[in-house]
Amino acid sequence: MELRRAGSSGLTLSRLGLGTLTWGRDTDEHEAADQCRAFLDAGGNFIDTAAMYGDGDSERTIGGLIGTLFKREDVVIATKAGLLTTTGARVIDTSRTDYVDLWQIHTWDVNNPLDDTLSALDYAYQSGKARYVGISNFSGWQSARAITRQESPPGKAPIATLQNEYSLLNRKIENEVIPCADSLNVGLLAWSPLGRGILTGKYRNGTPSDSRAASPHFAGFVEKYLNPRSARIVEAVAVAAEGLGYSPLEVALAWVRDAPFVTSAIVGARTGAQLRGVLASEEISLPPIVRDVLDEISA
């Protein structure tokens, strides 16, 4: 799998990242290990998690794989702070690693001064607890403000990455976030490149009983894109996939992964079999004319 550098930093990530939103809840430890093994075998090196995923179970599951499935130094582990767990309780957990490769602020906080938030990144960076730091789900102006504040004085933790949602169904970051990342030379990590699962085509004829939209804790997350506009884009992706001999998933993922400004597209799966299907997209690339058509339809 191709490795890419995140902006001007020394952080190098596989162009697909392994998302672990469902680990420890919908994906048990055995399935998580199967996914991780398939991902590493395909050449991936980037695992993305957050303290709130599965109320901390995602981080704990990853901690259990360190030393048994992979060596700590062989994998880039990224996690996030700044959001409470879904139960509303504040939980402190230290899994079996004494540092993370990339520590990200999960979202902008209107109730706390930005300098207080950034000082936490500085401490983690200067103490060696985080090799790199980043921000997630910030708007364009918020990103620019945080990045430029971290450029000086010396000793500040430089922002290495921005992580935002990006897919054929949601291209809002093209307005401000992407120009910000490009201008300030910061890596861009795209979450939900499959439009929260909609772009796989699985919802074209209804809601499958085993899908996220049928799950009580993910239904609201998916329903945002169950609308006529999304349906038109999904049909265009399906037509392109049929013409190319690919699956809709492969077409939608390749569109995001090969965008010139994307460092890594983060993908998640419920089972190892699903992840292997996702990893098959590494073998394809979209003809420019197909990309142009999808650009136009999803604009």
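Structure: above.
Along each chain, numbering runs from 1 in the same order as the chain's sequence is written. Residues qualify for local features only when their pLDDT is at least 70, as the model is predicted, and side-chain atom pairs are given and counted only at 80 or more; totals for whole chains, interfaces and linings, by contrast, use all residues. Only hydrogens and water are set aside; all other atoms, that is, all heavy atoms of the structure, feed into the side-chain values.

Draft legend 1. Structural view of the packing of aromatic side chains. Two rings from Phe, Tyr or Trp (for Trp, the six-membered ring) form a pair when their centres are within 6.5 Å of each other. A pair whose planes differ by under 30 degrees is stacked, one over 60 is edge-to-face, and the rest are tilted. Taken as a whole and judged by the stated rule, the model has four aromatic pairs. With a centroid separation of 5.4 Å and an interplanar angle of 35 degrees, the aromatic rings of Y166 and W255 are classed as tilted. With Y166 in the loop between strand 8 (159–165) and helix 5 (177–184) and W255 in helix 8 (residues 248–257), this residue pair connects regions lying 89 residues apart in the sequence. Residue W255 is classed as buried on the basis of its relative accessible area of 1%. Three or more aromatic residues link up through ring pairs in this structure, and these residues are W108, F138 and W141. The helix and strand labels rest on DSSP assignments: H or I over at least four residues marks a helix, E over at least two residues marks a strand, and numbering proceeds from the N terminus. Only protein chains enter the area calculation, which uses a 1.4 Å probe; residues under 20% of their type maximum are buried, those over 50% are exposed, and those in between are partly exposed.

Draft legend 2. Just the environment of I105, in detail. Looking at the secondary structure, you find I105 in strand 6 (residues 100–105). Expressed as a C-alpha distance, the spacing of I105 and A50, which sit 55 residues apart in the sequence, is 9.8 Å. What makes two residues a contact is simply this: any of their non-hydrogen atoms within 4.5 Å. The contacts of I105, once residues within four sequence positions are left out, are A81, T117, L121, G134, I135, S136 and F138.

Draft legend 3. Structural context of the side chain of T61. With respect to the helices and strands, the residue T61 is situated in helix 2 (residues 57–65). The exposure class assigned to T61 is buried, which follows from its relative accessible area of 8%. Within 3.5 Å is the distance limit for a polar contact, defined as a pair of N or O atoms, with the added protein rule that one can donate a hydrogen and the other accept it, and that residues adjacent in sequence qualify only through two side-chain atoms. Engagement of the side chain of T61 in a polar contact is seen with the backbone oxygen of D57, the distance being 2.8 Å.

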